[in-house]
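# Survey of secondary and tertiary structure
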Amino acid sequence: MTPGLTFFCELDATALQDLFSNPQIIEDLRVLGAGVSLGLRDLSAERAEIVHRLNAAEIPVVAWLLLPEAQGYWFNLDNAPEADAFYADFKTWTAMHNLRWDGVGLDIEPDMREMKKLAAGDLRALVTLLRRSLDAERFRRACERYGALVAQIRTAGYRVDEYAIPFMVDERRVGSRLLQRCLGLVDLAVDREVLMLYSSFMRPLGPGLLWSYAPSAGSVAVGSTGGGVTVAGAAQIPPLTWDELARDLRLARVWSDTIHIFSLEGAVRQGYLHRLLDFDWSVPAEPPLREFRQVERARKALRAVLWASIHPGVVFAGVITFLWLVSRLTHRRPSRS
């Protein structure tokens, strides 16, 4: 059975119009039965015109909400008010242009500005992240506000998708909030969690990452085929080859009936979109067991750290006990006969 495909598309209005100036793209999407998660980098008439064309072709379109880079771009703990305001503008824009949406996507990632500073070696950004992680009230307020936003979107009749970093699964498993508070993330209760399992960014362990986290995903996102915004040198990372994309699609299909592909523009540029029309989904996936085992070990170590963050007393007692035992063994003298 062919899974449902959704392509992320993260272009500005001019590049978006250039992309869809080729009518074959909409035809290929229609034949594939695929949808588009459209990054709303602006609320322009030009972008609305593309949505109208997709609506007319009965191609499902998800409104992927994004903020200006000056506000962090992705949603996070520190821009919940801006996220609320953007959603209000989105509703007005949608009504003005009579647009139809298959759902609304919330991209929960660290502040783009801080990620760029960290990538440039600015340690002050790291200090800022650590200081904010101690602010429990900041975390509480943001969680409440985003929870209310999800409820508001649902009340409007939309399915809510969350595009999530996979490590959130490990944090949720042990009941920690360390990553959320340090990185500015929010673990939302949504209708579908899409885990971003982009193997191109994790070579050579990428397939193992996908195979490890995919069982926990509401939908698996594979990539990257190129495109999207550039952060921390991502533009220098080679996109997936066709064979790598085919491998990841088959691995994802084992665990999910819906697969997201990042990105549409990259798939078009590389000729992958049209090749997917004849893709043979019956070829069995080959589990990447060696890479999987390495990723699983790393995940166990991560969960241990996260568990320790919420049980400092137990960890402290264990360290003291260990040091006491070492001391006893070190100073024990052999008995005289």
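Scroll up to find the structure.
A short tour of the structure in this document, coming up. Because the structure is predicted, anything quoted here is derived from the model rather than measured.

In this section: helix α5 (residues 112-119). Listing the buried residues of α5 in full gives Met112, Glu114 and Met115. Buried positions in α5, seen along its axis, are confined to an arc of 160° and lie on one side of it. Taken together, the buried residues of α5 touch α6 (123-133). Gly121 sits one or two positions beyond α5 and adopts a positive phi of about 85°.

This part takes up the sheet that holds strand β4 (residues 103-107). If you walk around this closed barrel you meet the 8 strands as β1-β2-β3-β4-β5-β6-β7-β8, and the pairing is parallel. Pairs of neighbouring strands in the sheet enclose a mean axial angle of 25°, with direction left out of account. Here strand β5 (residues 160-164) pairs with strand β6 (residues 192-196) via 4 bridges, running parallel. Each bridged residue has a counterpart across the sheet, and for Asp161 the counterpart in β6 is Arg192. Across the face of the sheet, helix α4 (residues 80-97) comes into contact with β2 (35-40), β3 (61-65) and β4 while running at roughly 145° to β3.

Side chains that differ in sign of charge can pair as their charged atoms come close. Counted under the stated rule, the structure contains 23 salt bridges. The residue Asp161 makes a salt bridge to Arg159 at a minimum N-O spacing of 2.9 Å. Its relative accessible area of 0% is what places Asp161 among the buried residues. Given a relative accessible area of 25%, Arg159 falls into the partly exposed group. Linking Arg290 and Glu291 is a salt bridge whose minimum nitrogen-to-oxygen distance equals 3.4 Å. Residue classification places Arg290 among the exposed residues on the basis of a relative accessible area of 55%.

It is worth spelling out a nonpolar patch on the surface at this point. Residues Leu123, Leu126 and Leu130 make up a contiguous nonpolar surface patch of roughly 290 Å² in combined accessible area. Residue position: Leu126 is located in helix α6.

With that out of the way, let us pick up helix α10 (residues 206-213). In an α-helix there are 3.6 residues to a turn, and that puts residues three or four apart on one side. Of all 8 residues in α10, 8 are buried, a share of seventy percent or more. Packing partners of the buried residues in α10 comprise α8 (167-174), β6, β7 (219-223), α11 (242-255) and α14 (289-310).

Right, let's get into the nonpolar core. When a protein is soluble and globular, its nonpolar side chains tend to lie buried together. The biggest cluster of nonpolar side chains holds 94 residues, and the ones touching the most others in it are Phe7, Phe20, Leu29, Leu65, Phe90, Trp101 and Leu106. Those residues in contact with Leu65 that lie beyond four places of it in its chain are Leu40, Phe75, Phe86, Tyr87, Phe90, Val104, Gly105 and Leu106.

Rules used in this analysis
Residues numbered from 1 in each chain as written. Predicted model: local features only at pLDDT ≥ 70, side-chain atom pairs only at ≥ 80, totals over all residues. Heavy atoms only, no water. Buried < 20%, exposed > 50% of the residue type's maximum accessible area, 1.4 Å probe, protein only. Helix = DSSP H or I, 4+ residues; strand = E, 2+ residues; numbered from the N terminus. Arc of directions from axis to C-beta. Contact = heavy atoms within 4.5 Å. Pairing = 2+ DSSP bridges. Axes fitted to C-alpha atoms, helices over the stretch in contact; angles between N-to-C directions. Salt bridge = Lys/Arg side-chain N within 4 Å of Asp/Glu carboxyl O. Patch = residues over 30% accessible without salt bridge, like charges linked within 9 Å, V, L, I, M, F, W, Y side chains within 5 Å. Areas by Shrake-Rupley, 256 points an atom, 1.4 Å probe, with all protein chains shown as cover. Core = buried A, V, L, I, M, F, W, Y, C linked by side-chain atoms within 4.5 Å.

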